[in-house]
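The primary structure of each chain is shown beneath.
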Amino acid sequence: MKKSYDWIVIGGGFKSMVAAYALASKGFSILLLENGKSLGGFMAPIRWGDFWIDKGPQFFDNFSEEDKNFIVEMVGENVLEDIGFAYASYLNGTKTDGFAIPDWRAKGEGFSNKIFADIIQRRLNSSGPPAHFETFDDVLLYDGGEVLVDEFRQMTRKFLRTEAKNLSPHANRMVTYLGRKLLFDQDISVDLKKSPIIDGFLAAQKKGVSETRYNLYPRGSNLETVRIAMEKALKTAGVDVLLNNSLLSVDADTKSCSFNDGSANYGSLFFGCDAREAEKLLFATQTLLDQTQMLPEIFHCFTVPRKSMDEAYYLVDYDPSHLSTRMTNFSNYMNAYDDEDYGIFCVEQAIERDDADWVTPDRMQGRIFEEARETGNVTCDHFKSAKSFRIPVTYKVPLTGFVDANDHLLSKVTEKFGSDVVIPNSLSLTRKETLDDLRMLEIL
Ligand SMILES: Cc1cc2nc3c(=O)[nH]c(=O)nc-3n(C[C@H](O)[C@H](O)[C@H](O)COP(=O)(O)OP(=O)(O)OC[C@H]3O[C@@H](n4cnc5c(N)ncnc54)[C@H](O)[C@@H]3O)c2cc1C
């Protein structure tokens, strides 16, 4: 370890590893601090007997050619492959292949027409989009109008476990029911979408994977292979990594910081751990955390004959009476099946920590399995084995005061540290958004 580094990166998840690698590739000296015992963060899979299970469908999706080239340069040629996009959704007793968004036709033709007429009417009556949304509920009303707003509120309760009026408008990143709407059959939709106004809100099936968007996944494996490849890339790039280390203090005047195993001077600090953690480390306050709904989920995993599983990578379950939010068919894309051709699918259940199911997650397995049968995601009558895993934090959903608290934090950081401390966009969710943000910060 050196006495001084151009950059000290705090955190060892995807974001930090990419930032550290990109900065090291530009010739900077880097120290990366990870407070866990291994790198990878949320990429680290769950072990169930001989199976490795990723925490939900963890794709490198919507990657552009540029994104793909970057990640391939980092992890090597043969680690990732493009698996294309294959989703399904379930609403009102109907499974729809090819879409992860709700298929409103399931509620009857009249309902789709009503939505369509309502959106057109509202477009004609408005003089443009509203300048400002106060809460997520305003977004739901704008996007769904009177016809859909109650459906959306119910979905918000189910997927994010809180009322839409408590959430920041930016919670829209965490849900899949807003935006373009599936209302009509493919031919009609394609025809209608010729009008630019209608194209903006109507969905139609993508004709295969577009040339410039990739859905990358480890070739016949799980994210552990990517994690290992990224770790190797950091080593080759000369990044010093300290595991089991967190930042303990920062002195802005001497530009030095201390951590569990020592101290070092820095040129700049990059907080890849999370803005909430950065606030705690730098100012010993938690205003961002207070404005965040940390969403726990139970991952119910089942083994079933592989041939009884639907072909989609995952199915989003919009039925408000179901506990299941998403069903991921791992054996369709990461070779998660055994010698007898039994494969794994995993059902996510969004939950609160004071819910009785959180304490004894296994007791819902029977009901969850029946839901999977009802949606058509599996066709067999029984599962061979099942296990329910508790994941204490999945999505970090912003509450109404989040953006103000974030702006306040960033101005306090600038006041105290100038541009020496970099906190990436705390609202970016996906790996694609992380890469875009790192480009904005001129790190990538
Ligand atoms: C169910 C689910 C499915 C998802 N599916 C997708 C998908 O298909 N595609 C996609 O692009 N994204 C997906 N995401 C989002 C994706 O998981 C995140 O973008 C990604 O995990 C974020 O990586 P990160 O490095 O920012 O954070 P993390 O992976 O959480 O890493 C943060 C790291 O910082 C470390 N750390 C924390 N505090 C400190 C400290 N004080 N000192 C040192 N180290 C510290 C942690 O130990 C951890 O290793 C999904 C998310 C969920 C919840």
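Please read these numbers as outputs of a predicted model, since none were measured by experiment. (Residues numbered from 1 in each chain as written. Predicted model: local features only at pLDDT ≥ 70, side-chain atom pairs only at ≥ 80, totals over all residues.)

1. Topic: the overall build of the protein chain
Definition in use: Strands are runs of DSSP state E lasting at least two residues, helices are runs of H or I lasting at least four, and both sets are numbered from the N terminus onward. Put simply, the radius of gyration uses C-alpha atoms, and a globule should come to 2.2 Å times the residue count raised to 0.38. The burial criterion counts other C-beta atoms lying within 10 Å of a residue's C-beta, which is placed from the backbone; the residue is buried at 20 or more, exposed at 12 or fewer, and partly exposed between these limits. Residues are scored as being in contact if the C-beta atoms we place from backbone atoms lie within 7 Å.
Of regular secondary structure, the protein chain possesses 13 helices and 21 strands. Relative to a compact globule of 444 residues, whose C-alpha radius of gyration would be 22 Å, the protein chain shows 23 Å and is just as compact. Across its three principal directions, the C-alpha atoms of the protein chain cover 70 × 60 × 45 Å. Every one of the 444 residues in the protein chain was classed for burial, and the buried ones make up 40%. Across the protein chain, every contact between residues at least 6 apart in sequence was considered, and the portion connecting residues at least 24 apart equals 69%.

2. Digging into the site of the ligand
The following threshold applies: Put plainly, near means the residue's C-beta atom, positioned from the backbone, lies within 6 Å of the molecule or strand in question. Each residue is assigned to one of three groups, with Ala, Val, Leu, Ile, Met, Phe, Trp, Tyr, Cys and Pro labelled nonpolar, Asp, Glu, Lys and Arg labelled charged, and all others, Gly among them, labelled polar.
As a structural note, the neighbourhood of the ligand is formed by 32 residues, with Gly-11, Gly-13, Gly-41, Gly-56 and Thr-430 the closest of them. Of all the elements in the fold, those that place two or more residues in the shell around the ligand are α1 (14-25), α8 (275-283) and α13 (431-440). A breakdown of the residues in the shell around the ligand according to their chemical character gives 11 nonpolar, 14 polar and seven charged.

3. Notes on the domain arrangement of the protein chain
The following threshold applies: Each domain span listed reflects an automatic or database assignment of domains.
For the protein chain, the assigned domains read domain 1 (4-45 + 222-291 + 399-440), domain 2 (101-199) and domain 3 (294-396). For domain 1 and domain 2, the distance between their C-alpha centroids amounts to 36 Å. Between domain 1 and domain 2, the contact holds six residues from the first and seven residues from the second. Each residue belonging to the side of domain 1 that touches domain 2 can be placed in one class, and the counts come to five nonpolar, one polar and no charged.

4. Quick word on the packing of α1 against α13
This is how it is decided: Convention adopted: a line fitted to C-alpha atoms gives each axis, helices being fitted over their contacting stretch, and angles between N-to-C directions are expressed from 0 to 180 degrees. Less than a right angle of anticlockwise turn of the near helix away from the far helix marks a crossing as left-handed, whereas a clockwise turn marks it as right-handed.
α13 packs onto α1 with a crossing angle of 35° between their chain directions and a minimal axis gap of 10 Å. Two packed elements cross with a definite hand, and for α1 against α13 that hand is right-handed. Note on element contacts: α13 touches α1 through Arg-431, Thr-434, Leu-435 and Leu-438, opposite Phe-14, Lys-15, Val-18, Ala-19 and Ala-22.

5. Re the sheet that holds strand β6 (residues 80-82)
The criterion, for reference: Pairing between two strands requires that DSSP report at least two bridges joining them.
Strand order across the open sheet formed by three strands is β5-β9-β6, with antiparallel pairing between neighbours. Both outer strands of the open sheet, β5 (60-63) and β6, are each paired with one neighbouring strand and no more. For this sheet, the mean angle separating the axes of adjacent strands, direction not counted, is 30°. Bridge count for β5 against strand β9 (residues 214-218) is two bridges, and the pairing is antiparallel. Along β9, the bridge assignment pairs Phe-60 with Leu-216.

6. Quick notes on unusual backbone geometry
Residues other than glycine seldom take positive phi values, yet Arg-161 does so here, at roughly 60°. Inspection of the secondary structure puts Arg-161 in the loop between α4 (136-160) and α5 (186-192). Under the C-beta neighbour-count criterion, Arg-161 is labelled partly exposed, with 18 such atoms within 10 Å. Even without being a glycine, Glu-442 presents a positive backbone phi close to 60°. Along the polypeptide, Glu-442 turns up in the segment after α13.

7. A short note on helix α12 (residues 402-417)
An α-helix turns once per 3.6 residues; consequently, residues spaced three or four apart project the same way. What counts is decided by this rule: For a helix, the expected span equals 1.5 Å multiplied by the residue count minus one.
The terminal C-alpha atoms of α12, which comprises 16 residues, lie 22 Å apart, in line with the 22 Å expected from a rise of 1.5 Å per residue. Summarising the contacts, the buried residues of α12 are in contact with α8, α9 (287-290), β14 (292-294), β20 (396-398) and β21 (421-422). With its phi angle positive at about 60°, Gly-418 sits one or two positions after the end of α12.

8. Structural notes on the pairing of strand β18 (residues 342-350)
Burial analysis of β18 places eight of its nine residues in the buried class, which makes it a mostly covered element. The pairing of strand β15 (residues 297-305) with β18 spans nine bridges and is antiparallel. Each bridged residue has a counterpart across the sheet, and for His-300 the counterpart in β18 is Val-347. Bridging between strand β17 (residues 326-329) and β18 involves four bridges; their strand directions are antiparallel. Paired with Arg-326 across the bridge in β18 is Glu-348.

9. Quick word on the nonpolar core
Note the threshold: Note on terminology: a nonpolar core is a set of buried residues of type Ala, Val, Leu, Ile, Met, Phe, Trp, Tyr or Cys, with members joined through C-beta atoms within 7 Å.
Counting residues in each nonpolar core, the largest one holds 121 residues, and the members touching the most others are Ala-20 and Ile-30. When residues no more than four places from it in sequence are discounted, the contact partners of Ala-20 are Val-9, Ile-30, Leu-32, Leu-234 and Val-239.

10. Some details on the packing of helix α3 (residues 109-125) against α4
Two quantities define a packed helix pair, namely the angle between the helix axes and the distance between the axes. The criterion, for reference: Between 65 and 115 degrees an angle is taken as roughly perpendicular, under 35 as roughly parallel, over 145 as roughly antiparallel, and anywhere else as oblique.
Running from N to C, α3 and α4 point in directions that differ by 150°, and their axes come no closer than 7 Å. Compared by their axis directions, α3 and α4 come out roughly antiparallel. Here Lys-114, Ile-115, Asp-118, Ile-119 and Arg-122 of α3 come into contact with α4, specifically with Gly-145, Val-147 and Leu-148. Here the residues of the contact of α3 with α4 sort into four nonpolar, one polar and three charged.

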